[in-house]
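# Structural features, examined
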Amino acid sequence: MAELSLLPAFRPADILLNWDVPETCFDAAVVSPIKKNMPVNFEPGAAASAKEDEKYCMHEDACAAAGYGFRAFVVDAFGVLAPDAKSILKRLASLLEVTKNYPEYLARQLVHRRISFAVHVGVAR
């Protein structure tokens, strides 16, 4: 695994977690689905999915070259989660179930509520 001190400009993500082997870089983003030229056939979640794909194209290879995994956490301003963000939240909820002995419904509710609050704060700034 590459030493981060040897890579001063290496910052493809917001969070580095000991999530899996290898350690995983997480990059979070909130995107707005509202565009200047809105398409007639607006599709909820399309902006989040497109941004998720963009993040993987930009950062996945750099993380892999440095010996890290990469996951993108993207949500749009309306609260629609990209596919990978859904799986990340599901895993966080399952960790709460195991470590805190919470029932599944409560763990998911807590995780979604906290992420929702963080997104609202981020959008308001």
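Let us look at the structure shown here.

Quick notes on the rules
- Residues numbered from 1 in each chain as written.
- Predicted model: local features only at pLDDT ≥ 70, side-chain atom pairs only at ≥ 80, totals over all residues.
- Heavy atoms only, no water.
- Buried < 20%, exposed > 50% of the residue type's maximum accessible area, 1.4 Å probe, protein only.
- Helix = DSSP H or I, 4+ residues; strand = E, 2+ residues; numbered from the N terminus.
- Pairing = 2+ DSSP bridges.
- Phe/Tyr/Trp six-rings, centres within 6.5 Å; stacked < 30°, edge-to-face > 60°.
- Axes fitted to C-alpha atoms, helices over the stretch in contact; angles between N-to-C directions.
- Salt bridge = Lys/Arg side-chain N within 4 Å of Asp/Glu carboxyl O.

### Section: the pairing of strand S3 (residues 69–76)
Most of S3 sits inside the fold, with eight of its eight residues counted as buried. Neither face of S3 is left uncovered, since the one carrying Gly69, Arg71, Phe73 and Val75 and the one carrying Phe70, Ala72, Val74 and Asp76 both have all their residues buried. In this sheet, S3 lies alongside strand S2 (residues 24–31) in parallel orientation, the contact comprising eight bridges. In the sheet register, Val31 faces S3, and the bridge partner there is Asp76.

### As for the packing of aromatic side chains
For any pair of aromatic rings, geometry is given as the distance between the ring centres together with the angle between the planes. Tallied over the full model, the rule gives one aromatic pair. Measuring from ring centre to ring centre gives 5.3 Å for Tyr56 and Phe70, while their planes differ by 90°; the resulting arrangement is edge-to-face. Pair noted here: Tyr56 is in helix H1 (residues 46–65) and Phe70 is in strand S3, with a separation of 14 residues, a long-range link. When sorted by exposure, Tyr56 lands in the same class as Phe70, which is buried.

### Quick word on the sheet that holds strand S1 (residues 15–17)
Read from one edge of the open sheet, three strands run S1-S2-S3, paired in mixed fashion. Where the open sheet ends on each side, the last strands, each with one partner, are S1 and S3. Neighbour-to-neighbour, the strand axes of this sheet turn through a mean angle of 25°, independent of strand direction.

### Regarding the pattern of salt bridges
Counting across every chain of the model gives four salt bridges. The shortest N-O distance in the salt bridge between Asp84 and Arg71 comes to 2.9 Å. Linking Asp84 in helix H2 (residues 83–100) with Arg71 in strand S3, this pair joins segments that are 13 residues apart in sequence.

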